[in-house]
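These are the residues of each chain, in order.
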Amino acid sequence: MKAFLSILLAVWAGVAVAQDRTMRMAVTTSFENSGLADVLLPAIAEDTGIEVQLLVVGTGQAIRLGEAGDVDAVLVHSRPAEEAFVAAGHAPYRREIMYNDFVLIGPEADPAAIADTGTAAEALAAIASTGAPFVSRGDDSGTHKAELALWDAADVAPRGDWYRPVGAGMGAALNTAAGMDAYILADRASWLNFANKGDLALLFSGDPVLFNQYAYLPVSQDEHPDVRADLAAELEDWLVSDTAAELIDGYRVAGEQLFTFNASPAE
Amino acid sequence: MNDIWAGIASAIRLILTADANLVEISLRSLQVTLSALAIACLIALPLGTFLAIQRFRFRRGVIAVLNALMGLPPVVVGLVVYILLSRAGPFGVLNLLFTPTAMVIAQVIIITPLIASITHQAMRDLWAEYHDLLISLNTGKLQRVATLIRDGRRSLMTAALAGFGRAIGEVGAIMIVGGNIEHHTRVLTTAIALETGRGDFALALGLGFVLIGLALGVNLLTHWLGRTEVEGRW
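Rules behind the numbers
- Residues numbered from 1 in each chain as written.
- Chains lettered and ligands numbered in written order.
- Predicted model: local features only at pLDDT ≥ 70, side-chain atom pairs only at ≥ 80, totals over all residues.
- Helix = DSSP H or I, 4+ residues; strand = E, 2+ residues; numbered from the N terminus.
- Rg over C-alpha atoms; globule rule 2.2 N^0.38 Å.
- Buried ≥ 20, exposed ≤ 12 C-beta atoms within 10 Å, placed from the backbone.
- Contact = placed C-beta atoms within 7 Å.
- UniProt positions renumbered as here; feature names shortened; annotations may be inferred.
- Pairing = 2+ DSSP bridges.
- Nonpolar A, V, L, I, M, F, W, Y, C, P; charged D, E, K, R; others polar.
- Bend = angle between axes of the 7 residues up to and from the residue.
- Arc of directions from axis to C-beta.
- Axes fitted to C-alpha atoms, helices over the stretch in contact; angles between N-to-C directions.
- Parallel < 35°, antiparallel > 145°, perpendicular 65-115°, else oblique.
- Left-handed = near helix turned anticlockwise from the far one by under 90°.

Description of the overall build of chain A
Then step 1. Across its full length, chain A holds eleven helices and twelve strands.
Then step 2. On C-alpha atoms alone, chain A measures out to a radius of gyration of 20 Å, which is about the 18 Å that the 2.2 N^0.38 rule sets for 267 residues.
Then step 3. The buried share of chain A, reckoned over its 267 residues, is 47%.
Then step 4. Put simply, of all contacts in chain A between residues at least 6 apart along the chain, 75% involve residues at least 24 apart.

Concerning the UniProt feature "domain: PBP" (unreviewed entry) in chain A
Then step 1. As recorded in UniProt, the feature "domain: PBP" (unreviewed entry) lies at residues 24-242 of chain A.
Then step 2. Between the C-alpha atoms that bound residues 24-242 of chain A there is a distance of 23 Å. The span itself is 41% helix and 24% strand.

Notes on the pairing of strand β3 (residues 73-76) of chain A
Residues and elements named next belong to chain A.
Then step 1. Neither face of β3 is left uncovered, since the one carrying Ala73 and Leu75 and the one carrying Val74 and Val76 both have all their residues buried.
Then step 2. Pairing of strand β1 (residues 22-28) with β3, which is carried by three bridges, proceeds in the parallel orientation. Bridged to Met25 within β3 is Ala73.
Then step 3. Relative to strand β9 (residues 211-218), β3 runs antiparallel, the two sharing four bridges. Looking at β9, one finds that Ala73 is bridged to Pro218.

Some thoughts on the UniProt feature "domain: ABC transmembrane type-1" (unreviewed entry) in chain B
Then step 1. The UniProt feature table records "domain: ABC transmembrane type-1" (unreviewed entry) at residues 26-222 of chain B.
Then step 2. Structurally, residues 26-222 of chain B comprises 78% helix and 0% strand, and the distance from its first C-alpha atom to its last is 18 Å.

Here we look at the interface of chain B and chain A
Then step 1. Contacts between chain B and chain A engage 18 residues on the former and 24 residues on the latter.
Then step 2. Class assignment of the residues belonging to the side of chain B that touches chain A gives a composition of six nonpolar, eight polar and four charged.

A short note on helix α5 (residues 100-136) of chain B
Then step 1. Along α5(B), the largest kink reaches about 55° and is centred on Tyr130(B).
Then step 2. In the stretch just after α5(B), Asn138(B) is the one whose phi turns positive, near 60°.

As for helix α5 (residues 79-87) of chain A
Residue and element names in this part refer to chain A.
Then step 1. Turning to α5, its buried residues number three or more, namely Ala81, Glu82 and Phe85. Down the axis, α5 shows its buried residues gathered within 100° of arc, on one side only. Counted as exposed and oriented over 90 degrees from the buried face of α5: Pro80, Ala84 and Ala87.
Then step 2. In this structure, the buried residues of α5 make contact with α4 (59-67), β3 and β9.
Then step 3. Looking at the residues trailing α5, positive phi occurs at Gly89, about 85°.

Some words on the packing of helix α2 (residues 20-53) of chain B against helix α6 (residues 141-151) of chain B
Residues and elements named next belong to chain B.
Then step 1. Their axes nearest at 10 Å, the elements α2 and α6 cross at an angle of 115°. As summarised for this structure, α2 and α6 are arranged roughly perpendicular, according to the angle between their axes. Judged by the twist between their axes, the crossing of α2 over α6 is right-handed. Contacts between α2 and α6 involve Leu45, Pro46, Thr49, Phe50 and Ile53 from the former and Arg144, Val145, Leu148 and Ile149 from the latter.

Things to note about the environment of Ala245(A)
Residues and elements named next belong to chain A.
Then step 1. Here Ala245 is to be found in helix α11 (residues 242-250).
Then step 2. C-beta crowding within 10 Å serves as the criterion here: with 17 such atoms nearby, Ala245 is assigned to the partly exposed category.
Then step 3. Considering only alpha carbons, one finds Ala245 and Ile97, 148 residues apart in sequence, at a separation of 9.0 Å.

Here's what the structure looks like:
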């Protein structure tokens, strides 16, 4: 037992020592599920020596973690939430890094015939009028907020038996949609990486309103003196560098480009 | 059904290739759970035994509360521990959030009432048996607790294993306070949740079978070391 305890302590000590150039970043499930993190993090570690620990949560929780100062930076995709975050003084600014797009997924049979519609709003209106089941994230995430904005644009109040908010992450919601042959709004990255597709297929994409911008928010050091603002700034420099641009634009899943690098000067 | 076979196949593949990630998260699962179990036992075993032998005013109330706390929802425990350890919270300066230590703290809170309750149940019966003897020997309180713990060790092992079982399979609390950070706070259960989210059911199930195997292994090892169910050793 004593030997065991000493091993335990040794493991612990190892964990404690390794925290020097370590920072924490809250990211959305869609970013992590895309697999891009597995490409970027090793490159970041190699170029800057920073070990970025990812907390994979929904946008709502990511913002909360940033507010509390529990992470050093946030990478999310919900412009209104980001702007409110900056306005509240939790971050000095938001910096756009890259975008991907949302796609409408549904049963291959396509009962609402959304594949033939011209805009995302028309597609959603068709789903609502046929009453085909639609799974919503319902978790206040960036994807959920984008979905609600689309319903607004379609002038439909999504209510009724056919509309099913599951209150779960992208993967779990896709699992639910696959189980009930329902329509769902997903980001392209999560969809392409999703393994349990069942009878689902990508039915509609390409409308510019489905544009999904990711932005980087360093957490304000004025509010939380303990945050590693120095590392967050270094990481930001890397994220807007040419190396990052090449990796992001070059990332392919099933032969498709997922993200487009579009970092802009600080606002 | 195919997914289950694929899960079994993936579990076998993970184990046979001694997958580095699997070894890492399995060891971390054990590290967190066994640390939590050791701390919880230090609190719960004496507490449960004490409740069995000592009569005091609020004893029934304390026992009722303890029993109710056995059903403590892990997510709520996780959320409360998160708020306490958050940099914006009262213990934020300790910088414990999203570390294995935070996960241990949450698990100690979850399993201590469980172990204490089972200990109390077992010790109550044993105390009924030992009562006259220990009183007539004019033993002190501490001696009585110590005697009961020593002679009731089989039941206490059951209590500890119940605590181990609840802790090793727990995901709600450690997901919140640990954050499921790769190479840092990712354990078997949070990895299973992650792979399920990715729709990779085969890998999720494979990890699940590894987890069940691990729990089984620890239980068997404990029984073997404790030589229970062997005739003449009681």
